[in-house]
Amino acid sequence: MTVLVARRAPSRLRVVAWRFFQSTQGRIGFAVLVLLFLLAFAGPGLSPWSYTDKDFTAFLSPPSAEHWFGTLQTGADVYAVTLRGMRKSLIVGLLAALVSTALAAVVGAFAGYFPGWTDRTLTWGADLLLVLPAFLILAVMSPLFGAGQWVLFVIMLALFLWMVTSKIVRGMTISLKQREFIQAARFMGVSPVRIIFRHIIPNLSSLLIVDATLNVSAAILTETSLSYFGFGIQPPDVSFGTLIADGSRTALYAPWTFWFVAGLLVITVLAVNLIGDALRDAFDPASRRPR
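Calculation rules
- Residues numbered from 1 in each chain as written.
- Predicted model: local features only at pLDDT ≥ 70, side-chain atom pairs only at ≥ 80, totals over all residues.
- Heavy atoms only, no water.
- Axes fitted to C-alpha atoms, helices over the stretch in contact; angles between N-to-C directions.
- Helix = DSSP H or I, 4+ residues; strand = E, 2+ residues; numbered from the N terminus.
- Parallel < 35°, antiparallel > 145°, perpendicular 65-115°, else oblique.
- Left-handed = near helix turned anticlockwise from the far one by under 90°.
- Contact = heavy atoms within 4.5 Å.
- Nonpolar A, V, L, I, M, F, W, Y, C, P; charged D, E, K, R; others polar.
- 1 Å grid on protein atoms, 1.4 Å probe; cavity = no way out; pocket = protein on both sides within 12 Å on 5 of 7 lines; lining within 4 Å.
- Points joined across faces, edges and corners; volume = space filled by probe spheres on them.
- Phe/Tyr/Trp six-rings, centres within 6.5 Å; stacked < 30°, edge-to-face > 60°.
- Buried < 20%, exposed > 50% of the residue type's maximum accessible area, 1.4 Å probe, protein only.
- Lys NZ or Arg CZ within 6 Å of the ring centre and 35° of its normal.
- Core = buried A, V, L, I, M, F, W, Y, C linked by side-chain atoms within 4.5 Å.
- pLDDT = per-residue confidence, 0-100.
- Polar contact = N/O pair within 3.5 Å; in protein donor to acceptor, adjacent residues only side chain to side chain.
- Expected span 1.5 Å × (residues − 1).
- Arc of directions from axis to C-beta.

Please provide a residue-by-residue account of the packing of helix α3 (residues 78-113) against helix α6 (residues 150-158), values included.
Relative to each other, α3 and α6 sit at 45°, their axes nearing to 8 Å. Judged by the angle between their axes, α3 and α6 are oblique. With respect to the hand of their crossing, α3 and α6 are arranged in right-handed fashion. When α3 is examined against α6, the residues Lys 88, Ile 91, Val 92, Leu 95, Ala 96, Val 99 and Ser 100 are found in contact with a partner set consisting of Trp 150, Phe 153, Val 154, Leu 157 and Ala 158. Each residue belonging to the contact of α3 with α6 can be placed in one class, and the counts come to ten nonpolar, one polar and one charged.

Report on empty space enclosed by the protein, specifying residues and quantitative values.
Evaluation of the coordinates by the stated rule reveals three cavities of 30 Å³ or more. Within this model, the largest cavity holds a volume of roughly 60 Å³. In terms of lining residues, the largest cavity is bounded by Val 107, Gly 108, Ala 111, Leu 122, Thr 123, Ala 126, Ser 166, Lys 167 and Arg 170. Where the lining of the largest cavity is concerned, the elements lending two or more residues are α3, α4 (117-131) and α7 (163-176). Among the residues forming the lining of the largest cavity, the class breakdown is four nonpolar, three polar and two charged.

Give a detailed account of the packing of aromatic side chains, specifying residues and quantitative values.
Scanning the model with the defined rule gives 14 aromatic pairs in all. Geometrically, the ring pair formed by Phe 258 and Trp 259 is edge-to-face, given 4.8 Å between the ring centres and 85° between the ring planes. Of the residues examined, Phe 258 reaches a relative accessible area of 15% and is grouped as buried. Residue class for Trp 259 comes out exposed when judged on its relative accessible area of 54%. A cation over an aromatic ring shows up here: Lys 177 above the ring of Tyr 113, its NZ or CZ 5.4 Å from the ring centre.

Run through the nonpolar core, naming residues and quoting values.
By size, the foremost hydrophobic cluster in this structure holds 37 residues, and its most contacted members are Phe 20, Met 86, Ile 220, Phe 240, Leu 265 and Leu 279. Secondary-structure elements contributing two or more residues to this core are α1 (12-22), α2 (24-42), α3, α10 (205-228), α11 (240-248) and α12 (256-283). With 14 residues, α12 is the single largest residue contributor to this core. Counting 14 residues, the second-largest nonpolar core is a separate cluster that includes Ala 109, Leu 176, Ile 196 and Leu 204.

Outline the environment of Gly 247, listing residues and values.
Structurally, the position occupied by Gly 247 is in helix α11. With relative accessibility at 1%, the residue Gly 247 sits in the buried group. The sequence separation of Gly 247 and Glu 180 amounts to 67 residues, and the corresponding C-alpha distance is 58 Å. Gly 247 has contacts with Thr 257 and Phe 258, leaving out every residue within four places of it along the chain.

Which residues make up the confidence of the model for the protein, and what values go with them?
When the pLDDT values of the protein are averaged, the result is 85; 92% of them are 70 or greater. Low confidence marks residues 1-6, where pLDDT is under 50. Its contacts with residues over four positions away, or in another chain, come to zero contacts.

Go over the side chain of Ser 100, please, and point to the residues and values.
With respect to the helices and strands, Ser 100 occurs in helix α3. A polar contact is formed between the side chain of Ser 100 and the side chain of Asn 215, at a distance of 3.3 Å. When residues no more than four places from it in sequence are discounted, the contact partners of Ser 100 are Ala 158, Leu 161, Trp 162 and Asn 215.

Talk me through α7; I want residue IDs and the actual numbers.
Compared with an ideal rise of 1.5 Å per residue, which puts 14 residues at 20 Å, α7 spans 20 Å between its outermost C-alpha atoms and is within 8% of the ideal. Listed in full, the buried residues belonging to α7 are Met 163, Thr 165, Ser 166, Val 169, Thr 173 and Leu 176. Taken around the axis of α7, the buried residues stretch over an arc of 145°, which confines them to a single face. Contacts from the buried residues of α7 go to α3, α4, α8 (180-187), α9 (192-203) and α10.

Account for α6, with residues named and values stated.
Within α6 the residues assigned to the buried category are Phe 153, Val 154, Met 156, Leu 157 and Ala 158. Close packing links the buried residues of α6 with α3, α5 (134-140) and α10.

Provide a residue-level description of the packing of α3 against α7, including the pertinent values.
At their nearest, the axes of α3 and α7 sit 7 Å apart, and the two run at 40° to each other. Relative to α7, α3 is oriented oblique. When the axes of α3 and α7 are compared, the crossing they make is right-handed. Of α7, the residues touching α3 (which contributes Ala 104, Ala 105, Gly 108, Ala 109, Ala 111, Gly 112 and Tyr 113) are Thr 165, Ser 166, Val 169, Arg 170, Thr 173 and Ile 174. The class makeup of the residues in the contact of α3 with α7 is seven nonpolar, five polar and one charged.

If you want it as structure tokens, here you go:
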């Protein structure tokens, strides 16, 4: 007698996770990013120096047993300030990416689902932000990003990262409106807002997850550029941009003040981009290149 055992099909999340970790670049990017987070959040506890400490007996001293990455011209420990800057840049990049992707999903879905004045108004707002000089606006508002106000900087940064994605979401929402399951929900009396948040946005999760991942590196690079020119994270706090700006002045005769933070920036952006490419291939197996 043959006994048939019913097996549940693996969820889409498990399938995507399996495809992601089958990818070499996905495994490398994920492992490197985890190590960077551990270094940024747990690494400072390994050193006796904090990012605010100054060693007035060691100015621009090279790496040693006491100062692993050397010191700055102010006597600050390069290891401590570099990890503090990496932590701040990672937090800013992650939050800005999440806020911008969420904003793109909501605006694009509402614009695509509600034709007429709602679509025109939201599309006009996205087009307006696309033509505004983001760097100039953030530079003008930089005095507001003082100590403790970095959350405002994250919000302003996110406001200039969502427009292109929202246009893609709008076009896909217009197509999804004609699908049978959306029509069935409408005939059953489900409210439009509930349809958007329970059916349309979840069906765009692959696009939104990949977009959020790639926006992390874009936000980190934008924050670094703004902070380099003094328009981003403000002293006494530090980030990749402020450290690179300070280290570039002494990079020729004290390279440890510049190259440690520059190397970590490159590794961080590279790891995030590897994860983004691997996620794109995991969600869309047809896009994978032949081995």
